[in-house]
Amino acid sequence: MFAYSISVQTPKILGLMTSGGDAPGMNAAIRAITRTALGSGFRVLGFKRGYEGILREQFQEMDSRSVSNILQRGGTILKTARSPVFMTNAGLKKAAGVLDRLGVDAMVLVGGDGTFHGAMDLEKFWKGQIIGVPGTIDNDLAGTDFTIGFDTAVNTAVEAIDKIRDTADAHERFFLVEVMGRHCGQIALKVGIAGGAEEILVPERPSDISDVCARLRIGRNLGKTSSIIVVAEGVRGGAIRVAEQLKKLTQNEYRVVILGYIQRGGNPTASDRCLATRLGVGAVKAIVGGESGKMVGEVGGKMVLVPFSVAVKGKRKVESLYAQMLKYLNL
Ligand code: F6P
């Protein structure tokens, strides 16, 4: 008589969520994380509405089919939110308790600055692994050349500027176009360069409005018939205040366009889909490799892992490539 001992290993559980402002490409990241995790033997739970989903125990079992046909879609199938309750000690303790009770071994969080601050707080209460994936249109995180959603947001804004340019040219008007980015001027810089803006105003390098006026005047004297001024929302008072200041100094007519949330929507570009896929796969590999407390990023085409504390320090200032381009172009 033989005695068989069969040991069935319970699969590890990987939790997944998107948090903070949505960014085009988050769905591509969800798809890559889910399928890579399933392929690595994990059960995958998708928490709804970011940290809120942990606190309220709102999650769904993710299988391969649950992420079909989402690669090309903007928004996030898991929904997203900003959760003030989570950021309290009581909220963090509750979240840690829920994750332990559900048997979650590791969390992959797709989000930005606020999400990673939340992760650093959660680490104080929860022993599981946490890996972050940079998903924000702002491109304001250190440790990655680009964040998921930035490229799409830039392309959306550039498309809008091309249209605004037509009417600006027809009326020979000055237009101020405000773009998102919170405290960071990365979107404004790239949009301004790609849209051929006459001026780009960013929070990292405050501009003297009388200098701006003088340069716009020179442009007109040289025969420019339209002028687009790209203003990052982080510039004090935004485009409306800048327009008021300009009006005080000149007789010109200014029109203000605030692009707003249009920049967060729409189908992700091919670049964002590919970046999200690479980083999603990288995040699961990091979990399998035993990593925690880090964001997966890409620098110079190479995958890197950086501690959350470094990622949230924020991006390079404007001495970046774009600033050099600005100087070179003498905009
Ligand atoms: O972080 C992404 C972002 O779109 C910023 O560019 C913007 O300042 C902020 O989110 C707007 O946040 P909310 O969705 O809470 O209005």
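Residues numbered from 1 in each chain as written. Predicted model: local features only at pLDDT ≥ 70, side-chain atom pairs only at ≥ 80, totals over all residues. Heavy atoms only, no water.

Draft legend 1. Just the site of the ligand, in detail. In the neighbourhood of the ligand, the contacting residues comprise Arg 82, Thr 136, Ile 137, Asp 138, Met 180, Gly 181, Arg 182, Glu 233, Tyr 261 and Arg 264. Between an oxygen atom of the ligand and a side-chain N or O atom of Arg 264, the distance comes to 2.8 Å. Expressed as a share of its isolated accessible area of 400 Å², the protein-covered part of the ligand is 76%. Tallied by class, residues from the shell around the ligand come to 3 nonpolar, 2 polar and 5 charged. (Near = heavy atom within 4 Å. Polar contact = N/O pair within 3.5 Å; in protein donor to acceptor, adjacent residues only side chain to side chain. Areas by Shrake-Rupley, 256 points an atom, 1.4 Å probe, with all protein chains shown as cover. Nonpolar A, V, L, I, M, F, W, Y, C, P; charged D, E, K, R; others polar.)

Draft legend 2. Focus on the packing of helix H3 (residues 89–102) against helix H4 (residues 113–122). At a closest axis distance of 10 Å, the pairing of H3 and H4 adopts a crossing angle of 75°. In terms of axis orientation, H3 runs roughly perpendicular to H4. Between H3 and H4, the residues in contact are Leu 92, Ala 95, Ala 96 and Leu 99 and Gly 118, Asp 121 and Leu 122, respectively. Looking at the contact of H3 with H4 residue by residue, the class counts come to 5 nonpolar, 1 polar and 1 charged. (Axes fitted to C-alpha atoms, helices over the stretch in contact; angles between N-to-C directions. Helix = DSSP H or I, 4+ residues; strand = E, 2+ residues; numbered from the N terminus. Parallel < 35°, antiparallel > 145°, perpendicular 65-115°, else oblique. Contact = heavy atoms within 4.5 Å.)

Draft legend 3. Layout of a nonpolar patch on the surface. On the surface, Ile 240, Val 256 and Ile 258 cluster together to form a nonpolar patch covering roughly 240 Å² of accessible area. Assignment of secondary structure puts Ile 240 in helix H8 (residues 238–249). For Ile 240, a relative accessible area of 45% puts it in the partly exposed group. (Patch = residues over 30% accessible without salt bridge, like charges linked within 9 Å, V, L, I, M, F, W, Y side chains within 5 Å. Salt bridge = Lys/Arg side-chain N within 4 Å of Asp/Glu carboxyl O. Buried < 20%, exposed > 50% of the residue type's maximum accessible area, 1.4 Å probe, protein only.)

Draft legend 4. Layout of the side chain of Thr 136. Position of Thr 136 relative to the elements: it lies in the loop between strand S5 (129–134) and helix H5 (150–171). In this structure Thr 136 comes out as buried when scored by relative accessible area, which is 10%. Leave out the neighbours within four places in its chain, and Thr 136 touches Ala 23, Gly 112, Leu 141, Thr 147, Ile 148, Gly 149 and Phe 150.

Draft legend 5. Inspection of the sheet that holds strand S8 (residues 227–232) at higher detail. Overall, parallel pairing links the 4 strands, which are arranged S7-S8-S6-S9 in an open sheet. In the strand order of this sheet, the two ends are held by strand S7 (199–201) and strand S9 (254–258), each with one partner. Neighbouring strand axes in the sheet, compared pairwise and without regard to direction, differ in orientation by 20° on average. Examined bridge by bridge, strand S6 (residues 174–179) and S9 share 5 bridges and lie parallel to one another. If you follow Phe 174 over to S9, its bridge partner there is Tyr 254. (Pairing = 2+ DSSP bridges.)

Draft legend 6. Representation of the pairing of strand S4 (residues 104–111). With 7 of 8 residues buried, S4 lies mostly within the body of the structure. Across 6 bridges, the pairing between strand S1 (residues 13–18) and S4 is parallel. Counterpart to Leu 14 in the pairing with S4 is Ala 106. Where S4 lies against S5, 6 bridges are found, and the strand directions are parallel. When the sheet's bridge partners are listed, Leu 109 is paired in S5 with Gly 132. Between S4 and its parallel partner S5, the chain crosses via H4, and the hand of that crossover is right-handed. (Right-handed = clockwise from strand over helix to strand, strands pointing away.)

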